[in-house]
Amino acid sequence: MPGVRVVLLGLILMLPLLAVSGRLLFIQFMNAEYFYSQFGHTTESFESIPSRDGRIVSIDGRVLAMDVERFDLQMHYRWLEEPSNPRWLKQQALMLLDPKERRDVEAVEAAQTKILARRQQLRDELALVMRVTPDELQESCRKIQQRVETIIASVNERAEQVQTAAQPQETASESKEETSQKYLVTFWNLLKETLTRPPRRPQRDRIVVREELDYHTINTGIPREIALAISAHPERFPGINIEIATLREYPQKTIAPHEIGIRHRIDEKVLADRKQRFPEGDPLDYQDGDRIGKMGVERSYDRYLRGLRGLKRVVKNRQGEIIRTEIMREAKSGDDVVLTLNTRLQEDLQNLLDQSLDGLQPSPDESPDEKAKSLPEISSGGCIVVLDVRSGAIVATASAPRYDLNLLLNPSPDEWQAVLNNPKRPLFPRATQMMLPPGSTFKALTSIALLESGKIDPDELYSCRGYLDRPDQHRDYIYRHYGVGHNDISLTHALSQSCNVYFFQAARRMGPETIYHWADQMGFGKPTGIDIPGERGGHLPNPSPTNKKDKSPWYPGDTLGVAIGQSRLTVTPLQIARLMAVVANDGELIVPHLAHSIVPSSESSTTTRQMISHPRRYVSGIHPGTLERVREGLIEVVAHPRGTGYKTVRMKEMTIAGKTGTAETGGGKNDHAWFAGFVPAERPKYAFAVVIEHGGSGSQVAGPIAKKLVQSLLDIGLLTSNAVKLQAN
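First, a word on scope: everything that follows refers to the structure included in this document. (Residues numbered from 1 in each chain as written. Predicted model: local features only at pLDDT ≥ 70, side-chain atom pairs only at ≥ 80, totals over all residues. Heavy atoms only, no water.)

1. Considering the pairing of strand β12 (residues 394-400)
Using the following cut-off: Exposed residues in this analysis have more than 50% of their type's maximum accessible area, buried residues have under 20%, and partly exposed residues fall in between, with area computed by a 1.4 Å probe over protein chains only. Each helix corresponds to a stretch of at least 4 residues labelled H or I by DSSP, and each strand to a stretch of at least 2 residues labelled E; elements are numbered beginning at the N terminus. Strand pairing requires that DSSP identify at least two bridges connecting the strands.
Where burial is concerned, most of β12 is hidden: 7 out of the 7 residues are buried. The pairing of strand β11 (residues 382-388) with β12 spans 6 bridges and is classified as antiparallel. In the sheet register, Leu387 faces β12, and the bridge partner there is Ile394. Hairpin connection, β11 to β12: the antiparallel pair is bridged by 5 residues, and Gly392 has positive phi, about 85°.

2. Regarding helix α8 (residues 224-232)
Put simply, the test is: Directions are taken from the helix axis to each C-beta atom, and the arc is the one they span. A contact between two residues is defined here by any heavy atoms of the two lying within 4.5 Å.
Looking at α8, one finds that the buried residues are Ile226, Ala227 and Ile230. Each buried residue of α8 sits inside an arc of 100° when the element is viewed along its axis, so together they form one side. Against β3 (63-76), α5 (105-130), β4 (215-222) and β5 (240-249) lie the buried residues of α8.

3. Some remarks on the sheet that holds strand β20 (residues 672-679)
To be explicit about the condition: The axes used here are C-alpha line fits, helices contributing only the stretch in contact, and every angle between their N-to-C directions lies in the interval 0 to 180 degrees.
Pairing in this open sheet of 5 strands is antiparallel, and the strands run β12-β11-β21-β20-β19 from one edge to the other. Two strands lie at the open edges of the sheet, namely β12 and β19 (657-663), each paired on one side alone. Neighbour-to-neighbour, the strand axes of the sheet open up by a mean angle of 5°, direction not taken into account. Across 7 bridges, the pairing between β20 and strand β21 (residues 686-692) is antiparallel. Across the sheet, residue Val679 finds its bridge partner in β21, namely Tyr686.

4. Let's talk about the nonpolar core
The test is simple: Nonpolar cores were defined as sets of buried Ala, Val, Leu, Ile, Met, Phe, Trp, Tyr and Cys residues, with membership established by side-chain atoms within 4.5 Å.
Counting 93 residues, the largest nonpolar core has Tyr502 and Phe524 as its most contacted members. Broken down by element, this core gets its largest block of residues, 9 residues, from helix α23 (residues 573-584). In terms of nonpolar packing, the next biggest core, distinct from the first, is built from 35 residues, Leu345, Ala396, Val701 and Ala702 among them.

5. Concerning the packing of α23 against helix α24 (residues 624-639)
The following threshold applies: Here the term charged refers only to Asp, Glu, Lys and Arg, the term nonpolar to Ala, Val, Leu, Ile, Met, Phe, Trp, Tyr, Cys and Pro, and the term polar to all other amino acids, Gly among them.
For the pair α23 and α24, the least separation of the axes is 9 Å and the interaxial angle reads 115°. Contact residues: Met580, Val582, Val583 and Ala584 in α23; Leu627, Val630, Arg631 and Leu634 in α24. Classifying every residue of the contact of α23 with α24 by side-chain character gives 7 nonpolar, no polar and 1 charged.

6. With respect to the pattern of salt bridges
The condition that has to hold: Salt bridges are counted wherever a side-chain nitrogen of Lys or Arg sits within 4 Å of a carboxyl oxygen of Asp or Glu.
On inspection of all chains with the given rule, the structure shows 33 salt bridges. Residues Arg210 and Glu211 are paired through a salt bridge, measuring 3.6 Å at the closest nitrogen-oxygen approach. Using a relative accessible area of 58% as the deciding quantity, one classes Arg210 as exposed. Across the pair Asp214 and Arg210 runs a salt bridge, and its minimum N-O distance is 3.2 Å. Members of the salt-bridge network, linked through shared partners, are Asp53, Asp67, Arg248, Arg263, Arg291, Glu298 and Asp302.

7. Remarks on helix α4 (residues 86-96)
Short version of the rule: Contacts described as polar in this section are N or O atom pairs within 3.5 Å, which, within protein, must combine one atom able to donate a hydrogen with one able to accept it, while residues neighboring in sequence count only if both atoms come from side chains.
Every buried residue belonging to α4 is among Trp88, Leu89, Gln91, Gln92, Ala93 and Leu94, and all of these are buried. If you follow the buried residues of α4, they end up packed against α3 (77-80), α5 and β8 (310-317). Capping of α4 at its N-terminal end is provided by Asn85; its side-chain oxygen lies 3.1 Å from the backbone amide nitrogen of Arg87.

8. Brief notes about the pairing of β8
Pairing of strand β1 (residues 42-49) with β8, which is carried by 8 bridges, proceeds in the antiparallel orientation. Residue pairing in the sheet places Thr43 in a bridge with Lys316 of β8. In this structure, β8 lies alongside strand β9 (residues 322-329), joined through 6 bridges in antiparallel fashion. In the sheet register, Arg313 faces β9, and the bridge partner there is Glu326.

In structure tokens, the structure reads:
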């Protein structure tokens, strides 16, 4: 019957409508809380808390490297955006209302007005605590918004171009039948996609970039008290985050920069290398963003200095605003490293080097010919090393020129290029890597070799006529300048007067192997083992190498040259200072070092200072009598009227033992000026080495610097005047 069919058709149409209506009623009344809760939907993430690296402190208590906290004030983009984003504003308003009130248009509008008023109040309070004007704060926010809007425009423009390029284009050559068939296929694909896939974003909705849901820094380096005040009252500062960062700082700037070194953010290459070395997990737990020592003490003692990052749980709402944070693991500070450096002496010696090098500079009034003869146009720098003869502790290590450590933390391209282009190489660590011929300072080692060989009687007189065989080669300094020799001379006087001819004859008698043996025993040709990376060992030529690669012709002239610190022999200032320490301390081959102790951080489970131990050993086979005879000659270098250091090094307050050195360089360049020794001569406490690159005469240039060095030791109180009555002229 027609009426029954109409009723059945109506029921068939009503059933889907009833199902939809029932679902709507269920959502509205039974499951409303679930959908309302989505307004408060949050996400969790875990972020690291920066730790503070340990300090580097000198033995006299001055901080050489430290971490300083920097507090950056950040504001969420939606809180600084002007005008406010409508969707964000409505979501903020809905979060203030109860579920029933959210359907009330007037209540929502009132809540939005409240949010806008709160945002304005926030800006006023921020301007007050930041001690800036509202206009200045507004300008900071405006610049951030301009930058973000530029990003938004760029991203959406690119997306639109991609979408346009992907749309199919009709061609005029297509037939009507092909076009009709194409439309049918397109319609079918659209119908299938509509029924089986969720709806796509309407084209009118632009892409939301990450910067819109993130915090942006509006002020850096705010005072600590302001940062703490804001962090303590988050309810008063919605949309505000305090970002804490630790920055490395070097308060003393140019004090021993080559030895202290720097710390930098660890790069991906280092992280990848450590992952390869430790596939089961890095024992030091290095992470991206951590800092690692790159040079000097910062690198050698990185495992002590490096702090352990903390961990916090961060809860954010749908807009990316931080709701709350929870500390999961507190950050642990690194330990302090105490160095053996005395900064008062270090400063004095650095100034002394600078003044000495400046004194060698040509006068502005000099003629071009006079300037051409001046030393500093060739001289490029110098170095002084002072160490304890018993422990090997480095008391001072001064290099010139040098640089400000803070410059390397974040240099501008121009500043960095200026340092790199400086011909005097301020970045070059001269104490540990400058390899030069030692000149006559090496005669102290040759004296040990000839005494231990048993082939030379130290009291036997050798005749010196100023040259060995021919007047034009293998000559003495006084012969080259005055045309005379030393006449008959013994070992002690040969040392004090720096007689080359004596050591030439002695070297001929004992042979090169003996010199090589004792030089090798004293550590020449290899690093001293100082506790900073990058040390070089110089070059000790071997007359009888076992390795075929090291074999090269050995000529009689090589033996003579090595005996007086020339030929192919090169050393570092640190090696020469240690040689003097061996002579002074009766044969103990100390290991120079900078670290004195480790002081645990306040968060550490132990509070006991850890002393750093260093290996010590005596030179095998050396006799005390040998060193006594060498010390006798080194004392006369300064104390005897004919000694090479008598006029320029001798002082009434302290007896100084040492050796001048003038190392020839060839090529028309000036000689290197050396003076090395120890004080006090009778009961040695400190050994030292002074070298001026291409400075000229050791006695005339390096000698006066050594004298002032000893005076600084007295002035600071590291030495006490012994009021020795020196031999008169």
